[in-house]
Amino acid sequence: MKKEIKVPDIAENVEKGTIAAVLVSKGDKVSVDQPLVEIETEKASTDIPSLYDGVVDEVKVKEGDEVTIGQVLMVIETKAEEKDESKGEEKEEEKEEEKDTGKETKKEPEEDEKVKPEEQEKKSDKKRNLSEVPAAPSVRRLAREMDVDLTQVESSGPGGRITADDVKSHAGKTGATKEQKAEEKPGESELPDFSQWGPVSGEKIKTIRRLTAENVLNSWQTIPHVTQFDKADMTNLENFRKKYQQKAEKEGVKLTVTAILLKITGFALQKFPRFNSSLDKDEIIFKHYFNIGVAVDTPRGLLVPVIRDVNSKSLIQLSVELDELAKKARERKISPDEMQGGNFTISNLGGIGGTGFTPIVLPPQVAILGVSRAEYNPVYIEDELQKRMIIPLSVSYDHRVIDGAEGARFLRWICDVIEDPFAILQ
Ligand code: CAO
């Protein structure tokens, strides 16, 4: 049976919002409460959850679309059991309406309908079907939010109905709610009330920032990181960049440091295959293609579009593609597909500043190149001080896959090629 998911009432006096992210695609299996879409309004940013278990049959919106309350976001093909449950919910909704409008006919159980205590016991032994549990839709929603199994809740309402208080007291007996459980991580303690020391304000964590937070936490907890630092004299390369800048401008792009590093890194991955691999339990999977992600700083947070087959593209092609993907990421036009399949990542913070940093590996990749700010430094060359442009680089890697010596060799090779492109022939 097909069920529509519509834009609900998000906040008071809010009629419309913008789709910040579509979190599922056609054909995806979804379950009740699973976030489907993220909507941003001037007042709130919120996930719209699925009301049903089933399969996404149609997605009617895309990122950036403006939507209004009641608009259909997607269609879910539900399974037979959910049909019954939702029917149950519809019935409950009708009953609720009746109650609200005073139409509800109070029906005391007939003598022969009354359940004897021993039967009651037998009945409670048998796990009730969720759809059979008498509870209003609002109570069902509350139970879902609090991760409470309604079939286990003792009722105190008329005719055996479960009330919101029943759900809350059950949650109190059985411990933390879903949100509390999700929030409580080992080592995390409750925050003090900061407002006692001065004014505070809050910002809801948006989907991208939340996903990044989850990914970096997972990476930090599971990958033994080592970061290797080095420096390269890029004076000659900078002169080359300026010289070929005019050619790039004819194509309507800038020949940037990142595009040049993409090219050099592609060759480095070919020369050092472990940096282009992934670790799968007891096997290292080597990839024979060279896709490199580039970290892009966007107003929504960090996004990493992937440039495919870097080694088969010219510097100008890489500059064009990098420029297009970075723009798309910043303008919220990048698709999830354009951010998948990367084997290695480059994170260039040099346009902003800094003398060095330790980037975090993005699993299932095993290494990431950090690029800091290139600056003119005085350098001794054959006992003579010269003004040279020096770029600080770092590479963080998964020590389970890459040894320290290999990490140092990899980064030195990149530095050698920056200093003298003929070193690529080594
Ligand atoms: N050293 C010195 N200057 C640098 C530089 C470096 N390492 N990298 C870039 N620059 C300069 C460029 O030459 C350019 O200068 P001009 O305007 O004078 O030509 C300026 O900084 C801006 O560069 P850009 O950002 O337009 O171009 P880019 O291709 O080098 O970088 C991108 C593209 C997407 C990497 C960058 O815009 C960006 O978003 N960086 C942030 C990445 C990030 O957030 N990383 C952290 C992730 S967590 O590990």
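The coordinates are above.
Report on the accompanying structure. (Residues numbered from 1 in each chain as written. Predicted model: local features only at pLDDT ≥ 70, side-chain atom pairs only at ≥ 80, totals over all residues. Heavy atoms only, no water.)

1. Thoughts on the environment of H170
As for its position among the elements, H170 is in helix α4 (residues 164–174). The class for H170 is buried, based on a relative accessible area of 15%. For the pair H170 and M146, spaced 24 residues apart in sequence, the C-alpha separation works out to 9.9 Å. Excluding residues within four positions of it along the chain, H170 makes contact with V148, Q152 and V153. (Helix = DSSP H or I, 4+ residues; strand = E, 2+ residues; numbered from the N terminus. Buried < 20%, exposed > 50% of the residue type's maximum accessible area, 1.4 Å probe, protein only. Contact = heavy atoms within 4.5 Å.)

2. Overview of the site of the ligand
If you check the shell around the ligand, you find 21 residues, and the closest are T256, T258, R330, N348 and A374. Take T258: an N or O atom from its side chain is 2.7 Å from an oxygen atom of the ligand. Within the side chain of N348, one N or O atom sits 2.9 Å away from a nitrogen atom of the ligand. Relative to its unbound accessible surface of 980 Å², the ligand loses 70% to contact with the protein. Among the secondary structure elements, those contributing two or more residues to the shell around the ligand are β13 (296–298), α9 (315–330) and β16 (344–348). Looking at the shell around the ligand, its residues break down into nine nonpolar, seven polar and five charged. (Near = heavy atom within 4 Å. Polar contact = N/O pair within 3.5 Å; in protein donor to acceptor, adjacent residues only side chain to side chain. Areas by Shrake-Rupley, 256 points an atom, 1.4 Å probe, with all protein chains shown as cover. Nonpolar A, V, L, I, M, F, W, Y, C, P; charged D, E, K, R; others polar.)

3. Focus on the packing of helix α8 (residues 257–271) against α9
Where α8 contacts α9, the axes come no closer than 9 Å and their chain directions differ by 125°. The angle between α8 and α9 falls in the class oblique. The element α8 and its partner α9 pack so that their crossing is right-handed. For the pair α8 and α9, contact is made by T258, A259, I260, L262 and K263 and by L315, L318, S319 and L322, respectively. Classifying every residue of the contact of α8 with α9 gives six nonpolar, two polar and one charged. (Axes fitted to C-alpha atoms, helices over the stretch in contact; angles between N-to-C directions. Parallel < 35°, antiparallel > 145°, perpendicular 65-115°, else oblique. Left-handed = near helix turned anticlockwise from the far one by under 90°.)

4. Digging into the pattern of salt bridges
This model, assessed by the stated rule, comprises 15 salt bridges. In this structure, K327 engages D323 in a salt bridge whose closest nitrogen and oxygen atoms are separated by 3.2 Å. On the criterion of helical spacing, the pair formed by K327 and D323 is a turn pair, its members being four residues apart in helix α9. Overall, the relative accessible area of 45% leaves K327 in the partly exposed class. Residue class for D323 comes out partly exposed when judged on its relative accessible area of 30%. Notably, a salt bridge pairs D416 with R412, separated by 3.3 Å at the nearest N-O pair. (Salt bridge = Lys/Arg side-chain N within 4 Å of Asp/Glu carboxyl O.)

5. A closer look at the nonpolar core
Core analysis: the biggest nonpolar cluster contains 52 residues, and F275, F344, F410, I414 and I418 have the highest contact counts within it. Those elements that provide at least two residues to this core are α7 (235–250), α8, β12 (292–294), α9, β16, β17 (367–371), β19 (384–398) and α10 (404–419). Setting aside residues no more than four positions away along its own chain, I414 makes contact with I264, T265, A268, L369 and L393. With 16 residues, the next largest nonpolar core counts I5, V37, I48 and V56 among its residues. (Core = buried A, V, L, I, M, F, W, Y, C linked by side-chain atoms within 4.5 Å.)

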